[in-house]
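Analysis of the macromolecular model
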Amino acid sequence: MSQILRLKSLKIILITFLIYGGLVATHEGEFWPLSIYPMFSQGANPWTRALVRDVRQEDIDKFSQVTSIRELPGEPVPLGAHGIDTIDFSNFVSKTEEWTAERKQALRTMFGEDMIAEHDLLVMKANGIIQPDNEIIIEVVPFILFTPEGNFKLTDHQ
Amino acid sequence: MFLQNLAQNLFDYDKPETEGEVIFYKLFEAFIIGYVIHLTWYWGLYIERISEVVLPLGLAVYIDPSFMFDSSLPIWNAVIITVLAVAGFFRISPKITYSVAMLLFHWQHVTRFTLGEIPHSANLIGMTFLGFAIAHVCFNEQLRIRRFSLGFMYFFAGLGYTSAAFSKLIGTGITWADGRHLWMWMSEKSVDIISRTGDWAPNFLQTLAFDFVWIATIILLIGWITELIGVAMWYKKYRSLVITLIIGMHIGITMTMNIRFDAFVAQLILMGYRWDKLIDYGLARARSMNFVYRFSKRFA
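The sections below set out a description of the structure shown in this document.

So, how was this worked out
Residues numbered from 1 in each chain as written. Chains lettered and ligands numbered in written order. Predicted model: local features only at pLDDT ≥ 70, side-chain atom pairs only at ≥ 80, totals over all residues. Heavy atoms only, no water. Helix = DSSP H or I, 4+ residues; strand = E, 2+ residues; numbered from the N terminus. Rg over C-alpha atoms; globule rule 2.2 N^0.38 Å. Contact = heavy atoms within 4.5 Å. Buried < 20%, exposed > 50% of the residue type's maximum accessible area, 1.4 Å probe, protein only. Buried area = accessible area lost by both parts, 1.4 Å probe. Salt bridge = Lys/Arg side-chain N within 4 Å of Asp/Glu carboxyl O. Polar contact = N/O pair within 3.5 Å; in protein donor to acceptor, adjacent residues only side chain to side chain. Phe/Tyr/Trp six-rings, centres within 6.5 Å; stacked < 30°, edge-to-face > 60°. Lys NZ or Arg CZ within 6 Å of the ring centre and 35° of its normal.

Here we take up the overall build of chain A. When its secondary structure is counted, chain A shows 5 helices and 8 strands. Mapped from its N terminus to its C terminus, chain A presents α and β elements in the order α-β-β-β-α-β-β-α-α-α-β-β-β. By the compact-globule yardstick of 15 Å for 158 residues, chain A is too spread out, its C-alpha radius of gyration being 22 Å. Overall size of chain A, expressed as C-alpha extent along the three principal axes, is 80 × 45 × 30 Å. Sequence separation of 24 or more characterises 55% of the internal contacts of chain A that already satisfy a separation of 6 or more.

Here's what the structure looks like:
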């Protein structure tokens, strides 16, 4: 009896495994909760993340320049304290290819009007590369400014 | 022979079930169901902040999840999943209850994670719940449901870790463990921390890894080997050792890259050790003490 049960169980595992393989192979490696777990599989690739600064008290000349991670303009805005998932935020900023009015509005929705009423939110892209001399450079590019008056794209940088 | 040995290690239907195993399984099932309910509500409430689909995944590739945005549907989905999960837990509903809940749980996940990256933090919970769903459809007896669910979980958890090790070999090759790659990932994650908290300073391990590339290389190498041997958890003999190493790897990932896998680690702690034996021991002690108590009362 237990032999039949074991065989049945292995058959179910095998069928699940085949469906698993088929789904991840045809869906970019992900069909939650099925996954090939590709995180951190590619070493040394340049990356892009995003962060936000409050520049209400800053002059536009000061915050519209490309800068380094150590010389950020304005005041920090800890997104975690506002209940925003920073991975979502970074991916939304870095993976959006065309910044339509809807996309800008979607980012504004993520922040919420209460947050924008209190701060002028400058979304900045942080681009990381490793140089041939092994130095890691993080260049920070001002990208979109959200104020109570509207959404202003500062650069054509994608 | 290999398959017979594997099936024996994963399911072990011949072995009589102890009280400790039954109690542990019910507590473990409660842990999984509790997490399913927690996640479904957490995701459901977060969907309110989403209004655009950047990268659809899973069923969202075929059904545009936009209709879930700006509506109470994610909350209703959470209500239905909660009711089904609780009904399934108390075995007061049809066999397909967990399967329907799993499908809706998948939908909640793909609606929540449409913004460019799918996280893996809830995958082990999801796979285990999928195992429950399949077990309830394919088996009738509770013992078989319990043994199959656990075996299914160990099989796919082990496979997942080993698959991650192979993904790294395919993605980068044998140079994957180069410590400079860890520098890049630590730098990348430091921006996420600045974004989340407004500030970041390297801890002791990060400082060491940044200062000495060979230390960063060793950290990656240990992590990769630990992932590679993930399938060894299929075998009872190696299960506790492998899972302990994997828990250590997750702690290492948290310390170097600030990525926390709370659900994974909590579940691995339950999966890795013989809590059922501890419960059996506790029950035996309680019974013997009760016997001593009654014996002493009788002759006092």
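Here we come to unusual backbone geometry. Look at the link from Trp32 of chain A to Pro33 of chain A: it is a cis peptide, with omega at 0°. Position of Pro33 of chain A among the secondary structure elements: in the loop between strand S1 (30-31) and strand S2 (34-35). The phi dihedral of Glu28 of chain A falls on the positive side, at around 55°, and the residue is not glycine. The residue Glu28 of chain A is located in the loop between helix H1 (2-26) and S1 in this model. Glu28 of chain A sits in the exposed class, given a relative accessible area of 64%. In this model, Asp70 of chain B sits at a positive phi of 55°, which is unusual for a non-glycine residue.

Structurally, Ile194 of chain B can be placed in helix H7 (residues 179-197). In the structure, Ile194 of chain B is positioned 113 residues away from Ile81 of chain B in sequence and 35 Å away in space, judged by C-alpha atoms. Discounting residues that sit within four places of it in the chain, Ile194 of chain B has contacts with Leu51 and Ile69 of chain A together with Asp199 and Trp200 of chain B.

At the junction of the two partners, chain A supplies 69 residues and chain B supplies 71 residues. Interface area for chain A against chain B, summed over the two sides, is near 6300 Å², with a carbon-plus-sulfur share of 64%. Applying the counting criterion to the chain A and chain B interface returns 6 salt bridges. Counting across the interface, chain A meets chain B through 32 residue pairs in polar contact (both at pLDDT 80 or more).

Taken as a whole, this structure holds 32 aromatic pairs over all chains when the rule is applied. On the numbers, 5.0 Å between centres and 80° between planes, the contact of Phe155 of chain B with Phe156 of chain B is edge-to-face. With relative accessibility at 9%, the residue Phe155 of chain B sits in the buried group. A residue is classified by how much of its surface remains accessible, and Phe156 of chain B, at 3% relative accessible area, is buried. Taking the centre distance of 6.3 Å and the plane angle of 85° together, the rings of Tyr161 of chain B and Phe264 of chain B count as edge-to-face. Of this pair, Tyr161 of chain B sits in helix H6 (residues 142-171) while Phe264 of chain B is found in helix H11 (residues 262-272), placing the two residues 103 residues apart along the sequence. With respect to class, Tyr161 of chain B is no different from Phe264 of chain B; both count as buried. Through a chain of ring-to-ring contacts, the aromatic side chains of Tyr20 of chain A together with Phe11, Tyr13, Phe139, Phe148, Phe152, Phe155, Phe156 and Trp234 of chain B assemble into a single cluster. In this structure, Lys125 of chain A packs its charged tip against the face of Phe143 of chain A, placed 4.4 Å from the ring centre.

Further remarks concern the pattern of salt bridges. Per the stated rule, a full pass over the model turns up 21 salt bridges over all chains. The partner of Arg49 of chain A in a salt bridge is Glu188 of chain B, with the nearest N and O atoms 3.9 Å apart. Of this pair, Arg49 of chain A sits in strand S3 (residues 47-54) while Glu188 of chain B is found in helix H7, placing the two residues in two different chains. Taken as a pair, Arg49 of chain A and Glu188 of chain B share a single burial class, namely buried. Put simply, Glu141 of chain B and Arg144 of chain B hold a salt bridge, and the shortest N to O gap is 3.5 Å. Relative accessible area serves as the criterion here: at 43%, Glu141 of chain B is assigned to the partly exposed category. Here the residues in one salt-bridge network are Arg49 of chain A together with Glu188, Lys189 and Asp192 of chain B, joined through shared partners.

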